[in-house]
Amino acid sequence: MDYVSTRDKSVKVTAAKAISQGISVEGGLFVPDTFPKFCDTDFKEIAKLDYIGRAKYILKNFLNDFTDEEIDYCVKGAYTGSFDNEQPAPISLVGKNANILELWHGPTCAFKDLALQLLPYLLTTSAKKVSNGKKIVILVATSGDTGKAALEGFCDVKDTEIMVFYPSDGVSPMQKLQMDSQKGENVHVCAIKGNFDDAQTGVKKIFTDSAVKEKLANNNMQFSSANSINWGRLAPQIVYYVSAYCDLLNREEDYLKDGFNVVVPTGNFGNILAAYYAKKMGVPIKKLICASNANNVLTDFINTGKYDRNRSFFTTISPSMDILISSNLERMLFELSGNDDKAVAKMQSDLAKDGVFYATEEIKTKMGELFWGGCCDDNATLKTIKKYFSEYGYLCDTHTAVAMNVYEQYVNATGDDIPTVIASTASPYKFANSVLSAVSDKKAESEFDTVRLLSSETSTEIPAPIKQLENATVRFKEICEKDDMLSAVYSALNI
Ligand SMILES: *Cc1c(COP(=O)(O)O)cnc(C)c1O
């Protein structure tokens, strides 16, 4: 298996190269040129393994220039001892058919940990193979959760530096504190005046600027990305969808006789794309349900075939989904167009130029067969949190609530209520203010009083990583203009 660029198929690289480089030179994203296919006996084998075993089994198919020892080292390093649960991705059944796949038992309490605990291992192992001793510089644009998860994953990893940019008014107080208090000699954090798309566009621009690249090379450094444009972020996410399928198989084989649906609260389209890839590999997923908040650019795209980012941007209570340019959709377009790199390049350049592109009829039809798109606003999000807490005693965060709400819309619209896996992407304690306001009239003064009140009002436990933050020292206070991101990078790197 090799990796090709979505904008130019003649660019063909190994897994190690795709991961260490992050993005292709002409701006395309790397995708595998073939996918492994698993059959029933494979899944029965995988189902017998623990999470680490499952991850190794699946990932070796995608990392064919890694040795078995390297894969073992990476996967064990990532998933041993870093999650509060022996099983990093456990399922809670709510009602008859809503299987909540809890992806927030890691060190930063959001699903990004599943990938970002592993990525530093994949990246440093890859760099040894392909970039002869250069220091890896990780640049991250974050809407909140990626930043902290990447900082935690790369903290004091040898031969790496990491710099995170976040929108100063676009993250929750807890997310901000998590990042600003990050420990480590090689970490740098900077807020920018702008929204997430500004941060992401700024990072992409720095990445693809050849003068910048040259300056880094002269200092024996090289950029890479921890954003979900990096294949090393996506591959680990495929694992938990396969693993969830195996868990459901182990629970009761007949339960999945008609397959199952998957609902994903979506922003950059990385998580739901991983579910699609799992389907492509043989996991019997029927519909992929794409849930958006008020920034419903994907809902409209799925329903109309027109992608239009020229619209109001809303700051919502599910900030990790406040995104109008969904980077990983590019990989899906490559799939749906039958790997038509020219068509993808055209759609992406239209998007960059005019903020709009149109899917062909073929893409639109296929998209509609695979996906169902829905959205809900903050009000509906809060009502959903309250409903699931009072009816089932299940407390979910704001992002997961968007998914639950859209799941209900889907069932109401289609009558299709087969077993469903709902990706739960963050702990409710990461968004304690909003979650508390949904389930109680009581209010607290400070962020941590709110956390404690949420715990006492709902009889749920505060995750240890959140508890520890209360006494953390703020190290980073810088806010920069969006046009000054490059100088912030140079100054962090001392070059
Ligand atoms: C990142 C994130 C999302 C969106 O995931 P994508 O892969 O960008 O679609 C949803 N919920 C939470 C809590 C997140 O951190």
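Before reading on, note that the structure itself is shown above.
Residues numbered from 1 in each chain as written. Predicted model: local features only at pLDDT ≥ 70, side-chain atom pairs only at ≥ 80, totals over all residues. Heavy atoms only, no water.

## Observations regarding unusual backbone geometry
For step 1, the next point in the chain: With a phi angle near 75°, Phe269 is a residue other than glycine that sits in the positive phi range.
For step 2, the next point in the chain: Relative to the helices and strands, Phe269 is located in the loop between β10 (260-265) and α12 (270-280).
For step 3, the next point in the chain: In this structure, Ser459 takes a positive phi of about 50° despite not being glycine.
For step 4, the next point in the chain: Locating Ser459 in the fold gives a position in the loop between α20 (447-458) and α21 (464-469). (Helix = DSSP H or I, 4+ residues; strand = E, 2+ residues; numbered from the N terminus.)

## Some thoughts on the nonpolar core
For step 1, the next point in the chain: Grouped together as the largest cluster of nonpolar side chains are 111 residues, with contacts concentrated most on Tyr79, Tyr241, Phe269 and Leu329.
For step 2, the next point in the chain: Ranked by residues supplied to this core, first place goes to helix α11 (residues 231-251) with 13 residues.
For step 3, the next point in the chain: Setting aside residues up to four positions removed in sequence, Phe269 forms contacts with Cys290, Leu298, Ser326, Asn328, Leu329, Met332, Met367 and Phe371.
For step 4, the next point in the chain: Ile100, Cys376, Val435 and Phe448 belong to the second-largest nonpolar core, a separate cluster that totals 42 residues. (Core = buried A, V, L, I, M, F, W, Y, C linked by side-chain atoms within 4.5 Å. Buried < 20%, exposed > 50% of the residue type's maximum accessible area, 1.4 Å probe, protein only. Contact = heavy atoms within 4.5 Å.)

## Focus on the sheet that holds strand β3 (residues 30-32)
For step 1, the next point in the chain: Read across the open sheet, the 3 strands follow the order β2-β1-β3; overall the sheet is antiparallel. At either margin of the open sheet sits one strand with a lone partner, and together these are β2 (8-13) and β3. Looking at each pair of strands side by side, their axes are set apart by 40° on average, direction ignored.
For step 2, the next point in the chain: Sitting on the sheet, helix α14 (residues 329-336) touches β1 (3-5), β2 and β3, and the angle it makes with β3 is about 45°. (Pairing = 2+ DSSP bridges. Axes fitted to C-alpha atoms, helices over the stretch in contact; angles between N-to-C directions.)

## A few points about the site of the ligand
For step 1, the next point in the chain: For the ligand, the set of nearby residues contains 15 residues, the closest of which are Lys112, Asp145, Gly267, Asn268 and Thr425.
For step 2, the next point in the chain: Within the backbone of Gly267, one N or O atom sits 2.8 Å away from an oxygen atom of the ligand.
For step 3, the next point in the chain: A distance of 3.1 Å is found between an oxygen atom of the ligand and a backbone nitrogen or oxygen belonging to Phe269.
For step 4, the next point in the chain: Within the complex, 97% of the 390 Å² of free accessible area of the ligand lies under protein.
For step 5, the next point in the chain: Of the residues belonging to the shell around the ligand, the class tally is 5 nonpolar, 8 polar and 2 charged. (Near = heavy atom within 4 Å. Polar contact = N/O pair within 3.5 Å; in protein donor to acceptor, adjacent residues only side chain to side chain. Areas by Shrake-Rupley, 256 points an atom, 1.4 Å probe, with all protein chains shown as cover. Nonpolar A, V, L, I, M, F, W, Y, C, P; charged D, E, K, R; others polar.)

## Thoughts on the packing of helix α7 (residues 145-154) against helix α8 (residues 173-180)
For step 1, the next point in the chain: At a closest axis distance of 9 Å, the pairing of α7 and α8 adopts a crossing angle of 25°. Considering the angle they form, α7 stands roughly parallel to α8. The chirality of how α7 crosses α8 is left-handed. Only Gln175, Gln178 and Met179 of α8 make contact with α7, whose side of the interface consists of Asp145, Gly147, Lys148 and Leu151.
For step 2, the next point in the chain: In terms of residue class, the contact of α7 with α8 is built from 2 nonpolar, 3 polar and 2 charged. (Parallel < 35°, antiparallel > 145°, perpendicular 65-115°, else oblique. Left-handed = near helix turned anticlockwise from the far one by under 90°.)

## Remarks on the pairing of strand β6 (residues 135-141)
For step 1, the next point in the chain: With 6 of 7 residues buried, β6 is to be regarded as a mostly interior element.
For step 2, the next point in the chain: Sheet topology places β6 next to strand β9 (residues 221-225); 5 bridges connect them, and they run parallel. Paired with Val137 across the two strands is Phe223, which belongs to β9.
For step 3, the next point in the chain: Pairing analysis gives 6 bridges linking β6 to strand β7 (residues 160-167), with the strands arranged parallel. Note on β7: the bridge partner recorded for Ile136 is Thr160.
For step 4, the next point in the chain: In this region the chain leaves β6, passes through α7 and returns to the parallel neighbour β7; the handedness of that crossover is right-handed. (Right-handed = clockwise from strand over helix to strand, strands pointing away.)

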